[in-house]
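Listed below, chain by chain, are the residues.
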Amino acid sequence: MRANHLKLQYDSNPQLQMVSLDGFIPHLKSDQRYTTTNNFTGQILYKEPGVFLRKAAAEPLKLVADSLAKLGLGMLVYDGYRPYAATLKMWEIVPDDRYAANPANGSGHNRGIAVDLTLYNIATGDTLPMPTGFDDFTEKAHHNYQQLPAEVLANRATLKQVMEHFGFVALPTEWWHFYLPQPKRYPLMDVSFNSLKKLQ
């Protein structure tokens, strides 16, 4: 999908609008791994950094942020919208649909309704201990993995509970990945971040 087609989507359904999370989500921090080589591919996948989601996902995520702030917590986002071209590269490296989206189906990230995130303490700026680092493709990253310290289990549960409360679905194999239900309601996109910024 090209930027001009995306503009037509906006006009037909405002919930499909792509929203920059910078300035929209209170206390948002980001660590965009795919704009660097510090990710499982070892490659830079995004040339222009930016964290975007469909309005349908951005608005409930703002409610998540408001709820977390009452606990003294903020969100650190690793990834939001992901161009389809990046999904093709990821599948070449990890052709396992437990951890990478099969391009035949596309990803919630390609549809602008999936987000990868963790929690941090607003007062200290420190991230909370979680089961694994980001993009860890082991059983320790699964939501049902229990051989973890009580603090880590509690942190994972806090993230999952607040995300689910506001309508997101947890991916069973990745504690950091959440998406809106019925993702195929949202069209796949392969629009650059620069194009999205021009539509803001």
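Here we summarise the structure given alongside this text. Starting afresh in each chain, residues are numbered from 1 along the sequence in its written order. For this predicted model, a pLDDT threshold of at least 70 governs which residues receive local features, and a threshold of 80 or more governs which side-chain atom pairs are given and counted, while totals over whole chains, interfaces and linings are taken from all residues. The side-chain quantities take in all heavy atoms of the structure and omit both hydrogens and water.

**Some thoughts on the nonpolar core**
No. 1: In this structure, L61 and M163 are the most contacted members of the largest nonpolar core, which totals 49 residues.
No. 2: Of all the elements in the fold, those that place two or more residues in this core are β1 (18-20), β3 (52-54), α2 (55-69), β4 (73-79), α3 (84-93), β5 (114-121), α4 (150-165) and α5 (193-198). Among buried residues, those of type Ala, Val, Leu, Ile, Met, Phe, Trp, Tyr and Cys that are joined through side-chain atoms within 4.5 Å constitute a nonpolar core. Only protein chains enter the area calculation, which uses a 1.4 Å probe; residues under 20% of their type maximum are buried, those over 50% are exposed, and those in between are partly exposed. We count a stretch as a helix when DSSP gives it H or I for four or more residues in a row; a strand needs E for two or more, and each element gets its number in order from the N terminus.

**A short note on the sheet that holds β4**
No. 1: Here five strands make up an open sheet; going across it, the order is β2-β4-β5-β7-β6 and the pairing mixed. Across the chains shown, the open sheet's two edge strands, defined by having one partner strand only, are β2 (29-30) and β6 (169-170).
No. 2: Two strands are said to pair when DSSP picks up at least two bridges between them. Where β5 and strand β7 (residues 177-179) come together, three bridges link them in antiparallel fashion. Bridging across to β7, V115 finds its partner in F178.
No. 3: Set on the sheet, α2 makes contact with β4 and β5; between it and β4 the angle comes to about 140 degrees.
No. 4: Sitting on the sheet, α4 is in contact with β4, β5, β6 and β7, with an inclination near 130 degrees to β5. Contacts are assigned to residue pairs with any non-hydrogen atoms lying within 4.5 Å of each other. Only C-alpha atoms enter the line fits that serve as axes; for helices the fit covers just the stretch in contact. Angles between N-to-C directions range over 0 to 180 degrees.

**Quick word on the pattern of salt bridges**
Side chains bearing opposite charge may pair, as long as their charged atoms lie close to each other.
No. 1: Here, a salt bridge means any Lys or Arg side-chain nitrogen found within 4 Å of an Asp or Glu carboxyl oxygen. Tallied over the entire structure, the rule returns six salt bridges.
No. 2: The shortest N-O distance in the salt bridge between K55 and E59 comes to 4.0 Å. Linking K55 with E59, this pair stays in helix α2, spanning four residues, or about one helical turn.
No. 3: Here E164 and K160 are joined by a salt bridge, their closest N and O atoms 3.0 Å apart.

**Topic: the environment of T36**
No. 1: Note that T36 resides in the loop between β2 and β3.
No. 2: The sequence separation of T36 and E59 amounts to 23 residues, and the corresponding C-alpha distance is 28 Å.
No. 3: Filtering out sequence-adjacent residues up to four positions away, T36 remains in contact with Q43 and I44.

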